[in-house]
Amino acid sequence: MSQNLDDERFYVFDWDAVFDVDDYLHFYEDTLRAERTDHQVDVLVSHLGMMPGMRVLDLGCGHGRHAFELARRGFDVVGIDRTEGFVELARSEAEAARLPIDYRVADLRSLDEDASFDRVLCLFDVFGLHRDDENLDVLRRITRALRPGGKLCLDVRNRDWMVRALLPVTILQKGADLMIDRHVFDPLSGRLVDYRILVRDGRTREARFSVRLYHFTELRALLASVGLHVTEAFGTWDGDPIGLAHNRMILFAEKDG
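Values in this document were obtained by computation on a predicted structure and should not be read as measured data. (Residues numbered from 1 in each chain as written. Predicted model: local features only at pLDDT ≥ 70, side-chain atom pairs only at ≥ 80, totals over all residues. Heavy atoms only, no water.)

## Structural notes on the overall build of the chain
Helix and strand content of the chain: eight helices and 11 strands. Against the compact-globule benchmark of 18 Å for 257 residues, the chain has a radius of gyration of 18 Å, which places it among compact chains. Counting only C-alpha atoms and orienting by the principal axes, one finds that the chain spans roughly 50 × 45 × 35 Å. Burial analysis of the chain (257 residues in total) assigns 47% to the buried set. Taking the contacts inside the chain whose residues are at least 6 apart along the sequence as the reference set, 66% of them involve residues at least 24 apart. Total accessible area on the chain is roughly 12,300 Å²; 50% of this is exposed by carbon and sulfur atoms. For the chain, the centre of its 34 positive side-chain charges and the centre of its 46 negative side-chain charges are spaced 1 Å apart. (Helix = DSSP H or I, 4+ residues; strand = E, 2+ residues; numbered from the N terminus. Rg over C-alpha atoms; globule rule 2.2 N^0.38 Å. Buried < 20%, exposed > 50% of the residue type's maximum accessible area, 1.4 Å probe, protein only. Contact = heavy atoms within 4.5 Å. Areas by Shrake-Rupley, 256 points an atom, 1.4 Å probe, with all protein chains shown as cover. Lys, Arg positive; Asp, Glu negative; His and termini not counted. Charge placed at Lys NZ, Arg CZ, Asp CG, Glu CD.)

## Examining the pairing of strand β7 (residues 177-186)
Pairing between strand β6 (residues 169-174) and β7: six bridges, direction antiparallel. The residue of β7 that forms the bridge with V169 is R182. Joining the antiparallel neighbours β6 and β7 is a turn of two residues, in which G175 adopts a positive phi near 65 degrees. Bridge analysis of β7 against strand β8 (residues 191-200) gives nine bridges, and the strand direction is antiparallel. Its bridge partner being in β8, D186 is matched across the sheet by R191. Linking β7 back to β8 in an antiparallel pair, the connection comprises four residues, with G190 at a positive phi of about 75 degrees. (Pairing = 2+ DSSP bridges.)

## So, the sheet that holds strand β9 (residues 203-212)
Two orientations exist for strands paired in a sheet by backbone hydrogen bonds: parallel and antiparallel. Spatial strand order, β6-β7-β8-β9: four strands in an open sheet with antiparallel pairing. At either end of the open sheet lies a strand with only one pairing partner, and these are β6 and β9. When strand polarity is set aside, the average angle formed by the axes of neighbouring strands in this sheet is 20 degrees. (Axes fitted to C-alpha atoms, helices over the stretch in contact; angles between N-to-C directions.)

## Observations concerning the packing of helix α3 (residues 37-47) against helix α4 (residues 65-72)
Remark: α3 packs on α4, axes separated minimally by 10 Å, with the N-to-C direction vectors making an angle of 65 degrees. Crossing of α3 against α4: the hand is right-handed. Between α3, through T37, D38, Q40, V41 and V45, and α4, the contact on the second element is made entirely by R65, H66, E69 and L70. Residue composition of the contact of α3 with α4, grouped by class: three nonpolar, three polar and three charged. (Left-handed = near helix turned anticlockwise from the far one by under 90°. Nonpolar A, V, L, I, M, F, W, Y, C, P; charged D, E, K, R; others polar.)

Take a look at the structure:
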């Protein structure tokens, strides 16, 4: 029996359920704290050659943890996120700290800037949430948004590690609340599908989503195809090399010309 290679069964994304602000921050609070935002910004500033005053675009900024720290250090920051609740939280924190961050509610796929930014950030699995043609178009839009010689940091999951170490089920417990994730990887589409069940305050609901996983060589070729060449790549924010021992790929790329 032949397989339908165009089958979209493995493209699923219950966006509002996955990015419900209250549930997301409730379950991920400890994870986000462990992400060491200050250290990550140190790495970004160093490896992207960032100088205060540069204009920086944070794509998929969420509630603004990287954008806030960058603005605190003197960068001119624009943060974009599709989820209005995250943007509202980010704006409130920036206003309280009197930081002039330009937060916008927008979809990555609608980015329409022409040589407006010195640096672009796309962190914590923001890239790869859409279909292959849309993901490629996002990279094209990022390239156009960068000034000549501008640089990008792209932080995604490492497909090689994920396929090797993927657990069929994971459970995150927060008090009496549970986040249960059932994982399926489809090698034809390259997508990891997460069938998530949230149990909180005695209420149960589903939040399904999928993300495109890339090999390093595949992602490097995609970036090159839109005029971005990779200058450095790491498997952790501590500078470890990409490999089977690390679940991340942190790529630094520069716009040609």
